[in-house]
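# Residue-level structural notes
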Amino acid sequence: MTVRTRIAPSPTGDPHVGTAYVALFNLAFAKQQGGEFILRIEDTDQVRSTPESEQAILDSLRWVGIEWSEGPDVGGPYGPYRQSERSSIYKEYADQLIRDGHAFHCFATSEELDQMREEQKEQGLPQKYDGRGLKLSQDEVQKRIAAGEPYVIRMKVPEEGVCVFNDMLRGQIEIDWAQIDMQVLMKADGLPTYHLANVVDDHLMKITHVIRGEEWINSAPKHLLLYKYFGWDAPELCHMPLLRNPDKTKLSKRKNPTSINFYERMGYMPEALLNYLGRMGWSMPDEREKFSLAEMIEHFDILRVSLGGPIFDLEKLSWLNSQWLRELDQTSFILRFVQWGLNAQYLSPAIEHIMPRINTFSDVVPLAGHLLSGMIDVKVDDFTHKKLETEDVRRILQFAAWKLDVQRQWDRDSLFEVASGLAKAMGYKVGEFFFPLFIAIAGTSATFSVVDAMAILGPDLSRARLRHAIGVVGGPSKKEAKAWQKEFDALV
Ligand code: GLU
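Since this is a predicted model, take the numbers as computed values, not measurements.

## Examining the overall build of the protein
Looking only at helices and strands, the protein has 20 helices and nine strands in total. Its C-alpha atoms give the protein a radius of gyration of 26 Å, near enough to 23 Å, the size a compact globule of 492 residues would have. Expressed along its principal axes, the backbone C-alpha trace of the protein runs to roughly 80 × 55 × 40 Å. Across the 492 residues that make up the protein, the buried fraction comes to 48%. Sequence-distant contacts in the protein: of pairs separated by 6 or more residues, those separated by 24 or more amount to 75%.

## As for the site of the ligand
Every residue lining the ligand is accounted for by Arg-6, Ala-8, Ser-10, Glu-42, Tyr-194, Asn-198, Arg-212 and Trp-216. Within the contact set of the ligand, a nitrogen atom lies 2.6 Å away from a side-chain nitrogen or oxygen of Glu-42. Contacts to the ligand include Asn-198, whose side-chain N or O atom sits 3.1 Å from an oxygen atom. For the ligand, whose unbound accessible area comes to 290 Å², protein coverage reaches 83%. In terms of residue class, the shell around the ligand is built from three nonpolar, two polar and three charged.

## So, the state of the cysteines
By the definition in use, this model includes zero disulfides. Here Cys-163 stays free of any disulfide, with the sulfur of Cys-238 as its closest cysteine sulfur at 17 Å.

## Let's talk about the packing of helix α3 (residues 87-99) against helix α7 (residues 220-230)
Where α3 meets α7, the closest approach of the two axes is 10 Å, and the angle between their N-to-C directions is 75 degrees. Here α3 is positioned roughly perpendicular relative to α7, judged by the angle of their axes. Taken together, the residues of α7 that come into contact with α3 (itself represented by Tyr-93, Gln-96 and Leu-97) are Leu-226, Tyr-229 and Phe-230. A class-by-class count of the residues in the contact of α3 with α7 yields five nonpolar, one polar and no charged.

## Quick look at the side chain of Gln-120
On the secondary structure map, Gln-120 appears in helix α4 (residues 110-122). The class of Gln-120 is buried, set by a relative accessible area of 10%. Contacts of Gln-120, omitting those with residues within four sequence positions, involve Leu-125, Pro-126, Gln-127, Lys-128 and Asp-130.

## Notes on the pairing of strand β8 (residues 209-213)
With five of its five residues buried, β8 lies for the most part within the structure. Relative to strand β9 (residues 236-240), β8 runs parallel, the two being bridged by five bridges. Paired with Val-210 across the two strands is Leu-237, which belongs to β9. With α7 bridging β8 and the parallel β9, this β-α-β connection has right-handed handedness.

## Thoughts on helix α15 (residues 390-405)
For α15, built from 16 residues, the straight-helix expectation of 22 Å at 1.5 Å per residue is met to within 8% by its first-to-last C-alpha distance of 22 Å. Counting buried residues along α15, 13 of its 16 residues qualify, which places the element largely inside the surrounding structure.

Thresholds, definitions, all that
- Residues numbered from 1 in each chain as written.
- Predicted model: local features only at pLDDT ≥ 70, side-chain atom pairs only at ≥ 80, totals over all residues.
- Heavy atoms only, no water.
- Helix = DSSP H or I, 4+ residues; strand = E, 2+ residues; numbered from the N terminus.
- Rg over C-alpha atoms; globule rule 2.2 N^0.38 Å.
- Buried < 20%, exposed > 50% of the residue type's maximum accessible area, 1.4 Å probe, protein only.
- Contact = heavy atoms within 4.5 Å.
- Near = heavy atom within 4 Å.
- Polar contact = N/O pair within 3.5 Å; in protein donor to acceptor, adjacent residues only side chain to side chain.
- Areas by Shrake-Rupley, 256 points an atom, 1.4 Å probe, with all protein chains shown as cover.
- Nonpolar A, V, L, I, M, F, W, Y, C, P; charged D, E, K, R; others polar.
- Disulfide = S-S within 2.5 Å.
- Axes fitted to C-alpha atoms, helices over the stretch in contact; angles between N-to-C directions.
- Parallel < 35°, antiparallel > 145°, perpendicular 65-115°, else oblique.
- Pairing = 2+ DSSP bridges.
- Right-handed = clockwise from strand over helix to strand, strands pointing away.
- Expected span 1.5 Å × (residues − 1).

And the structure:
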């Protein structure tokens, strides 16, 4: 048997370090055994998936040094590798489940389901699908389909008993069937949910080992049941521990930058980031901290993964990066520095703002040095403004941070619209409102527009600078945070 593993990202946001981490362990596991590692794009959520996000994921995985032998961009014998191009396949398998009596149609509207959950809540029952679709006769189902009523397809799930399965790291896991919902497999739009598409594709793509984040453990019973319904052998399952913030909470962008783009923009070396991800819950047999991908593959043993939540710590990463960096010879150092920050692709969007404002090349760095920096070293006094009290500055920065935390469109026009809208809602003149943002992002207001800078720096570094500035001027106290949040919610 050839070992085949995969990473199956959903292209719904910025490329996450957690994706690179799981991809790395899949790659190391497969390669150590002479197998293949493939990449599949799980874009069945048509509302949230974007081609830009897919491209960013592919680019950033490659940047960090991860390569796949089959995927949407490189092809392969089991394609297409993008789920949105495989709709007819899933439909066929969903129909098969219906024919075999393992799945059923459900016409319940979302209002009906809300009401069902409400009633369950009142009666102190667990909130889950109550099997109402199973009570419909075949005739009725056919009539309602013919009448064009929207429906979903759900899988049947045993009402009692226990699902027992093996996890490569955790051993035997038991989950009561009573806890498992009759999962929707096909949505009303005719597209599959993650669960159906994932199982069908892992089977058709001959995946032998599913190595993924522990947040998927509770989905395993549904998946294993689907394998059984189809009469297929299930792959081995391995649920990796989640990366954590230093306070042990799940790594989240509100506390820690999670986008790979952030680490690239901060000037980390991809080798160091990959090396650090390899240290997340895993160690070399000789415990050495610095190792290359090839060394990791050579010595890889998945059983050395420890389950205590690995902490993703920027200081440790920086230390490791410094080790990698100091080993470069001077020529490579210069080359890589130029590639990182002085390249045309990165600087192009800034040039139109820089050229009209300078007289000599030596004016460039004072004007645009913030595009080549990491965190900006700001002081409380830098935020002094004749129209703004400290209180205003604190609130502007915090409200802007909340707003930008959920902002997905990150081009300059959208950012300007969002920021000026917030300024108006908070009752500030745009110029006043933007002042603290200039200081937080650029360290000065004597430079080109801050929304252009944020667009160039990207969401994670911009957010990190805002968070840093909030720390400097003093974020809301616990009491303030509640009141501010309420006020903020009312504004937006
Ligand atoms: N599309 C899922 C994700 O975004 C894949 C989970 C899995 O590996 O099964 O993480």
